[in-house]
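Inside the fold
Read off the chains here:
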Amino acid sequence: MSDSIDYGHLMHNAMRGLIKTVLEDVRDNGLPGEHHFFITFDTTHPDVAIADWLRERYPSEMTVVVQHWFDNLDIRDDGFSITLNFGDAPEPLNIPFDALRTFVDPSVEFGLRFEAEDDDEDEHGLHSVDSDAREEAQPVTSTQEPKEKPKKDADVVSLDSFRK
């Protein structure tokens, strides 16, 4: 039993639940209006499943865009699977919610940023978040600077082009 409430961990779980709900709605009804998502995830997470050539090209982090064409969107309690088009080659991706780093919908200037929690894992497998990370566990707008800028590429989009 812990002697404190781990609000940072609880906030991360709530934000992942929000993303799950949004993706379930998109799966059932499609993307409404101008909505689209930039999703950045940790490619080193053990449950991330991507093509070998993508893992070689993006060995630590990757940002994908869910907008005009996507297929096979499947949402589970622990993550989601989706097929995206990379240079006219459809590629399936499996992304656990625990691997997410950012989720941004620039059409409404909404974004969430997740800090890595495994740095402060305790003996029970629970994660604690220090005071700096607690601030990062709050919803952010797409105008805030990410800690690391994603690589620019035809298939991976930098958020810089959407900043004011």
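Our subject is the structure listed above.
Summarised in this report is the structure supplied together with it. These numbers come from a predicted model, not from an experiment. (Residues numbered from 1 in each chain as written. Predicted model: local features only at pLDDT ≥ 70, side-chain atom pairs only at ≥ 80, totals over all residues. Heavy atoms only, no water.)

This brings us to the packing of aromatic side chains. Aromatic ring pairs are defined here through the distance separating the ring centres and the angle between the ring planes. Counted according to the given criterion, the structure contains three aromatic pairs. Judged by centre distance (4.9 Å) and plane angle (35°), the ring pair of Phe37 and Phe103 falls under tilted. One end of the pair, Phe37, is in strand 1 (residues 37-42); the other, Phe103, is in strand 6 (residues 100-105), and 66 residues separate them in sequence. By relative accessible area, which is 1% here, Phe103 ends up buried. Measuring from centroid to centroid gives 6.0 Å for Phe80 and Phe97, while their planes differ by 40°, and the two rings are tilted. Highlighted residues: Phe80 in strand 4 (residues 79-85) and Phe97 in the loop between strand 5 (90-96) and strand 6, separated in sequence by 17 residues. Of the residues examined, Phe97 reaches a relative accessible area of 4% and is grouped as buried. (Phe/Tyr/Trp six-rings, centres within 6.5 Å; stacked < 30°, edge-to-face > 60°. Helix = DSSP H or I, 4+ residues; strand = E, 2+ residues; numbered from the N terminus. Buried < 20%, exposed > 50% of the residue type's maximum accessible area, 1.4 Å probe, protein only.)

Here we come to unusual backbone geometry. Residue Asp88 is not a glycine yet carries a positive backbone phi of 65°. Overall, the relative accessible area of 72% leaves Asp88 in the exposed class. Of note in this structure, Glu109 is not a glycine but carries a positive phi near 50°.

Counting residues in each nonpolar core, the largest one holds 29 residues, and the members touching the most others are Phe41, Phe80, Leu93 and Leu100. Every element with two or more residues in this core is listed here: helix 1 (7-29), strand 1, strand 2 (61-66), strand 3 (70-75), strand 4, strand 5 and strand 6. Excluding residues that lie within four positions of it along the chain, Phe80 makes contacts with Leu23, Ile39, Leu73, Asp74, Ile75, Leu93, Asn94, Ile95, Phe97 and Leu100. (Core = buried A, V, L, I, M, F, W, Y, C linked by side-chain atoms within 4.5 Å. Contact = heavy atoms within 4.5 Å.)

This part covers the environment of Gly79. Along the chain, the position of Gly79 falls in strand 4. Expressed as a C-alpha distance, the spacing of Gly79 and Pro96, which sit 17 residues apart in the sequence, is 3.8 Å. Contacts of Gly79, omitting those with residues within four sequence positions, involve Asp74, Ile95, Pro96 and Phe97.

Burial analysis of strand 6 places six of its six residues in the buried class, which makes it a mostly covered element. Inspection of the sheet shows strand 1 paired to strand 6 by four bridges, in the antiparallel sense. Its bridge partner being in strand 6, Phe41 is matched across the sheet by Leu100. Strand direction decides the pairing type here: strand 6 and strand 7 (residues 110-113), joined by four bridges, are antiparallel. Pairing of Val104 across the sheet is with Gly111, part of strand 7. (Pairing = 2+ DSSP bridges.)

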